[in-house]
Structures are given as structure tokens and as C-alpha cells.
Amino acid sequence: MDKTSLTAADLRFNPPSFSKSVLREEVRKIYGLSGTLKPLVGERDQNHLLETVEGEKYIVKVAGLDENRSVVDYQIKTLQHIEDRNPSLNIPRNLNTLDGKDFAIIRSAAGQDHMMRLLSFVDGVPFGDQYVPPLRVLYDAGRFQGQMCVALADFSHSSEGYFMPWDISQGLILNPALRVSKHGDVERLIIPLLDHFQEDILPKMNSFRKQTIHNDAHNDNTLRSSVDADDFYGLIDFGDICYAPLIQDLSVPMNGIVGAANNPIEVGCAYVKGFASACPLLAQELDILYDLLLLRASLTVQLVDFRMLNNDANMKGLLEFYPNLVRRLENLLELDRKEITAAFHQAHNEGVTQ
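Worth saying up front: this structure is predicted, and the values here are computed from it rather than measured.

Draft legend 1. Here's a closer look at the overall build of the protein chain. When helices and strands are tallied, the protein chain shows 12 helices and 11 strands. For the protein chain, the C-alpha radius of gyration of 20 Å lies close to 20 Å, the compact-globule estimate for 354 residues. Each of the three principal axes of the protein chain carries a C-alpha extent, and together these read 60 × 45 × 40 Å. Every one of the 354 residues in the protein chain was classed for burial, and the buried ones make up 54%. If you take every contact in the protein chain between residues at least 6 apart in sequence, the share linking residues at least 24 apart comes to 75%.

Spelled out as C-alpha cells, the structure:
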């Protein structure tokens, strides 16, 4: 992609729109399953919850036209590798078709081919915006993420370098098209940070160790076992995986956790401590973790604003979501870099020695 320009098409946030009746028939032919389909949100895939008459649940995913088949294969192989290395991790499983394949091709009425997959359903409740997890749950979530990173440490795939908008290491935050905004928040909050990101943080993070990471462990993808439970149960949605600095994987959950908390340093340290107990980090990685929280929070504001400027199909949801994103970034900017970084180092050392 041209790094000096950006269009809505470059983001590939354009899932297909097969009718339920067509999808039901395709699922019956390809997987031998019948039941009801409930639409689920998806940026690039058309997603449905399939519930059979026997009460079994699955996730049906149909990739968009702009999604390269090799990239979808990257997602499939990532799930399979984690299952092979650490089957105890509660994540979706990619299920085979009746003829034993990882996916199938279905054709739209316009004659266009799309990849269809079936995933196992992880039966949990997303953390969401209302649930405030206690410190022990954040520790467990961090540990789970560390275990997953360890499982993926020796994994590789030919599509590792594809363009993923949410991969902060690729530097999309510097794109000129993202320097203007609908509400002025980019100009007010983010433009003053760009020189620091460009000259210091991006070069540093891209010099660190890299591997495939989940890159999407925000509060709608992290699960507890039930609506009344105080626990960490599992993780879903591997659609944003990328080959990136290992430390980057913490920036996704932590910019939300830290940015929304009344006790930001305490909750951030609980997560770091849990992660370190499974996957120790390097001192130089921890040195820029706070900056990566800012970088991820900033890019999120930019991309959501850009989508609103381009009349995104999910405009209503983006408008509701946007104020919280700005508030989160404002809260992060109020923190003292030296204080929180020192706390991250201490929490990490405690996690490693447990």
C-alpha cells in the first residue's frame, strides 16, 4: 500500500452480504450442519452464530473479496499451531469440511468467490465496557496472553508481512490521510505525538524481536465464563493477527484497561505481571510499553474517525464508540511516563520470579 495515501478500500472493512438462506444451504452442503443463523459483527468477514437443533453452536465466517486467500490461511494455520503447542488454551478451533479441508469456496450471485470457514464456539461472555475485572482476573488474562505468545514463538507463514491496518508497527499512524479528523481530536491529541512516534518509538519497536501475535485482545474478545463470573475464560477473534514486535501484543488490551481505570498503574501492573509469569520480556521492551499504549490508542481514534469521515456502513456504532476512545487516550496522556514505566518493570520482575 502507498504509505502517502489512504482510502477506505485500503482498510478492507467491507464484509460480504450473503443472505441467511444462501449461507444455511452452503453450511448444510459443506459441513453437514443445519440450524439457525444469527448475524455477528465483523470488520472484514461476514460472521454468523450457527445453532443446530441439537443445541450445538459454531461460528460461520465468510471472507471479503479483498481478503487474500493466503492471509485467511495464515489465520487458520495460527489457530492450528496454538492448538498443537498448547491445547489447553481456550480459543476457537478451525473445523474441517465434510471432505476434510480447512475451508471451502462459495460463490455469490455476482459470480464472485469467497472463502468460508467454520470455527468452534467458545461459550463465554465478553468482558465488554461495563465489567470491571479484579486484579487477579487481569493477571490471569495477561498470563493467558503470554502463554499464547510462547505457543506462537516458533510459528511462521508466508503471509506474515501483509498489510494489517491495526498493526501499529507498520506506521499507518503517520499517514497524511489520518492527520485530519471529523471532530478535531486528531489535531488536538495525536498530531503533537507523531514526531515522537516516528523518530523514537517506531524505530525502537521494529528493532525488537518479532513473531506472530494475536493483536486484538480488547474487551470484546476477552471472555469470562458467565455474566456473573469474575474470571478469565478464553479469547476469540484471530482476524487481526500479524507478524509484529512481541511487546506490541500487550498494547491492545492494556490501552483499554489502563485508559479506562481509576487505578491505571495498578491494573496495568497486574496484566504485565501475569504476562511475565508465562513470557518474560526484555528491559528495553518494557521501556516503551507506555508509548505503545499511546500509539495503539491514537491509531484507534484515527481509524475510527477516518471511517466516519468516509461514511462507514457502521456509522451508528462508531459514533457511540468514539467518545470512549478519545477519553481513553486523554486519560493515558495524563499519566507520568517515568512512574508507570518503573511500575511495569517492578511488576514484570515479580511475575518472572513467581
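Draft legend 2. Quick peek at the side chain of His-348. Mapped onto the secondary structure, His-348 falls in helix H12 (residues 337-353). According to the relative accessible area criterion, His-348 is buried, its value standing at 6%. Engagement of the side chain of His-348 in a polar contact is seen with the side chain of Asn-349, the distance being 3.5 Å.

Draft legend 3. Expanded view of the environment of Asp-45. By the element assignment, Asp-45 lies in strand S2 (residues 45-52). Along the chain, Asp-45 and Ser-108 lie 63 residues apart, while their C-alpha atoms are 14 Å from each other. Not counting chain neighbours up to four residues away, the residues in contact with Asp-45 comprise Pro-15, Pro-16, Lys-61, Val-62, Ala-63, Gly-64 and Arg-117. Side chain to side chain, Asp-45 and Lys-61 meet in a polar contact 3.2 Å long.

Draft legend 4. The pairing of strand S5 (residues 104-107), seen in detail. The side-chain alternation of S5 yields one buried face, formed by Ala-104 and Ile-106, and one unburied face, formed by Ile-105 and Arg-107. Across four bridges, the pairing between S5 and strand S6 (residues 113-120) is antiparallel. Opposite Ile-106, over in S6, you have His-114 as the bridge partner. In sequence, S5 turns back onto S6 through a hairpin of five residues, with Gly-111 there showing a positive phi of about 85 degrees.

Draft legend 5. Here's a closer look at helix H7 (residues 248-260). The terminal C-alpha atoms of H7 lie 19 Å apart, and with 13 residues this matches the ideal 18 Å at 1.5 Å per residue to within 8%. Taken as a whole, H7 carries its principal kink of about 40 degrees at Met-254. Burial within H7 is extensive, with 11 of its 13 residues counted as buried. Three or more residues of H7 are buried, namely Gln-248, Asp-249, Leu-250, Ser-251, Val-252, Pro-253, Met-254, Asn-255, Gly-256, Val-258 and Gly-259.

Draft legend 6. Representation of the pattern of salt bridges within the structure. Going through the model one piece at a time under the given rule, you end up with 22 salt bridges. Taking the shortest distance from any N to any O, the salt bridge between Glu-26 and Lys-29 comes out at 3.8 Å. Note that Glu-26 and Lys-29 are positioned in helix H2 (residues 20-31) at a spacing of three residues, about one turn of the helix. With relative accessibility at 14%, the residue Glu-26 sits in the buried group. Via salt bridges that share partners, Arg-12, Glu-43, Arg-44, Glu-67, Asp-240 and Arg-307 belong to a single interconnected network.

Draft legend 7. Molecular detail of the environment of Gly-317. With respect to the secondary-structure elements, Gly-317 resides in helix H11 (residues 315-333). Spatially, the C-alpha atom of Gly-317 lies 30 Å from that of Gly-161, the residues being 156 residues apart in sequence.

Draft legend 8. Structural view of the sheet that holds strand S9 (residues 222-224). Ordered by their spatial adjacency, three strands build an open sheet running S7-S9-S10, and the pairing between neighbours is antiparallel. A single partner strand is all that each edge strand has here, and the edge strands are strand S7 (125-126) and strand S10 (234-235). In this structure, S7 lies alongside S9, joined through two bridges in antiparallel fashion. By the bridge assignment for S9, Val-125 is matched with Arg-224.

Draft legend 9. Representation of H2 within the structure. With 12 residues, H2 ought to run about 16 Å at 1.5 Å a step, and its terminal C-alpha atoms sit 16 Å apart, in line with that. Those residues of H2 not exposed but buried are Leu-23, Glu-26, Val-27, Ile-30 and Tyr-31. Taken end-on, H2 shows its buried residues confined to a sector of 100 degrees, consistent with a single buried face.

Thresholds, definitions, all that
Residues numbered from 1 in each chain as written. Predicted model: local features only at pLDDT ≥ 70, side-chain atom pairs only at ≥ 80, totals over all residues. Heavy atoms only, no water. Helix = DSSP H or I, 4+ residues; strand = E, 2+ residues; numbered from the N terminus. Rg over C-alpha atoms; globule rule 2.2 N^0.38 Å. Buried < 20%, exposed > 50% of the residue type's maximum accessible area, 1.4 Å probe, protein only. Contact = heavy atoms within 4.5 Å. Polar contact = N/O pair within 3.5 Å; in protein donor to acceptor, adjacent residues only side chain to side chain. Pairing = 2+ DSSP bridges. Expected span 1.5 Å × (residues − 1). Bend = angle between axes of the 7 residues up to and from the residue. Salt bridge = Lys/Arg side-chain N within 4 Å of Asp/Glu carboxyl O. Arc of directions from axis to C-beta.

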